[in-house]
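Each chain is listed here by its residues.
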Amino acid sequence: GDQVEQSPSALSLHEGTGSALRCNFTTTMRAVQWFQQNSRGSLINLFYLASGTKENGRLKSTFNSKESYSTLHIRDAQLEDSGTYFCAAPTGGNNKLTFGQGTVLSVIP
Amino acid sequence: EAGVTQSPRYAVLQEGQAVSFWCDPISGHDTLYWYQQPRDQGPQLLVYFRDEAVIDNSQLPSDRFSAVRPKGTNSTLKIQSAKQGDTATYLCASKGARNERLFFGHGTKLSVL
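Residues numbered from 1 in each chain as written. Chains lettered and ligands numbered in written order. Predicted model: local features only at pLDDT ≥ 70, side-chain atom pairs only at ≥ 80, totals over all residues. Heavy atoms only, no water.

Asks: So, the overall build of chain A: which residues are in play, and what are the values?
Replies: A count of helices and strands for chain A gives 0 helices and 11 strands. Reading the secondary structure of chain A in the N-to-C direction produces β-β-β-β-β-β-β-β-β-β-β. For 109 residues, the compact-globule formula gives about 13 Å, and the C-alpha radius of gyration of chain A, at 13 Å, lands near that figure. Dimensions of chain A along its principal axes, counting C-alpha atoms only, are 45 × 25 × 20 Å. Here chain A holds 109 residues, and 47% of them are scored as buried. Within chain A, contacts between residues at least 6 apart in sequence are counted, and of these 54% link residues at least 24 apart. Counting every atom, chain A has about 5100 Å² of accessible surface; 45% of that belongs to carbon and sulfur. (Helix = DSSP H or I, 4+ residues; strand = E, 2+ residues; numbered from the N terminus. Rg over C-alpha atoms; globule rule 2.2 N^0.38 Å. Buried < 20%, exposed > 50% of the residue type's maximum accessible area, 1.4 Å probe, protein only. Contact = heavy atoms within 4.5 Å. Areas by Shrake-Rupley, 256 points an atom, 1.4 Å probe, with all protein chains shown as cover.)

Listed below in structure tokens is the structure:
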């Protein structure tokens, strides 16, 4: 079954507002990686976490391996933040990434 | 440091035609992955290599898909006799031995008509 579940599947934000994306795991994962996929299809690395919290500009991510979830917080959303956000976790002996189905974010003026 | 490079960027085929995708990983990365991403879905692993060896190809449709990495550097993914269901973006990624982060190329968008 699916090991990585993302919610919501789609989200609309007005510029300047914020929200959180969630990633739930059905088994214990040792790490999580977050990506943004832009309109050209490129997967941009956002965060890699083995535990705790990381912050980069208007983005912040947390990973709670014990409770099997991760979150990605976006604040002060800008139009260029639009895209699909994926979380992924190492599986199969930690040598491959299993992806969630993504959250489609639309930032509107 | 150059990123993962893929070519071509786009491919359009008729059903039954063959196509090859090429990937140049980040220099020094020993592990290379091929993912398939259908429209509106997350990437799904097809095959991965460590150096020149195939580690896992269990999700590769072996009747029509093949992948090689003969010198443990560049890799080629080939589809023989493409089907409409193969329409997707094909992503290559690489990872170094001391790092668990995967780095992706920009992908090849394939349309099979």
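Asks: Mind laying out the sheet that holds strand β3 (residues 19–25) of chain A, listing which residues take part and the relevant values?
Replies: Residue and element names in this part refer to chain A. The antiparallel open sheet is built from 5 strands, whose spatial order is β1-β3-β8-β7-β6. Either end of the sheet is taken by a strand with one partner, and the two such strands are β1 (4–7) and β6 (52–56). Neighbour-to-neighbour, the strand axes of this sheet turn through a mean angle of 15 degrees, independent of strand direction. The pairing of β1 with β3 spans 4 bridges and is antiparallel. Following the sheet pairing, S7 is matched in β3 by R22. (Pairing = 2+ DSSP bridges. Axes fitted to C-alpha atoms, helices over the stretch in contact; angles between N-to-C directions.)

Asks: Tell me about the pattern of salt bridges, and please be specific about residues and values.
Replies: Residue and element names in this part refer to chain A. Taken as a whole, this structure holds 3 salt bridges over all chains when the rule is applied. The partner of D81 in a salt bridge is R58, and the shortest N-O contact between them spans 2.6 Å. Residue D81 is located in the loop between β8 (69–74) and β9 (83–91), and its partner R58 is located in the loop between β6 and β7 (59–64); the two are separated by 23 residues in the primary sequence. Exposure remark for D81: the relative accessible area of 8% places this residue in the buried category. (Salt bridge = Lys/Arg side-chain N within 4 Å of Asp/Glu carboxyl O.)

Asks: Run through the pairing of strand β11 (residues 108–112) of chain B, naming residues and quoting values.
Replies: Residue and element names in this part refer to chain B. Only one face of β11 is buried: it carries T108, L110 and V112, and the other face, with K109 and S111, is open. Bridge count between strand β9 (residues 88–95) and β11: 3 bridges; the pairing is antiparallel. By the bridge assignment, A88 is partnered in β11 with L110.

Asks: Tell me about the sheet that holds strand β3 (residues 19–24) of chain B, and name the residues and values.
Replies: All names here are of chain B. Taken together, 4 strands build an open sheet; the order of strands is β1-β3-β8-β7 and the sheet is antiparallel. Sheet topology places β1 (5–7) and β7 (65–68) at the edges, where each strand pairs with a single neighbour. For this sheet the average axis-to-axis angle between neighbouring strands, irrespective of direction, equals 15 degrees. Of the pairings in the sheet, the one linking β1 to β3 comprises 3 bridges and is antiparallel in character.

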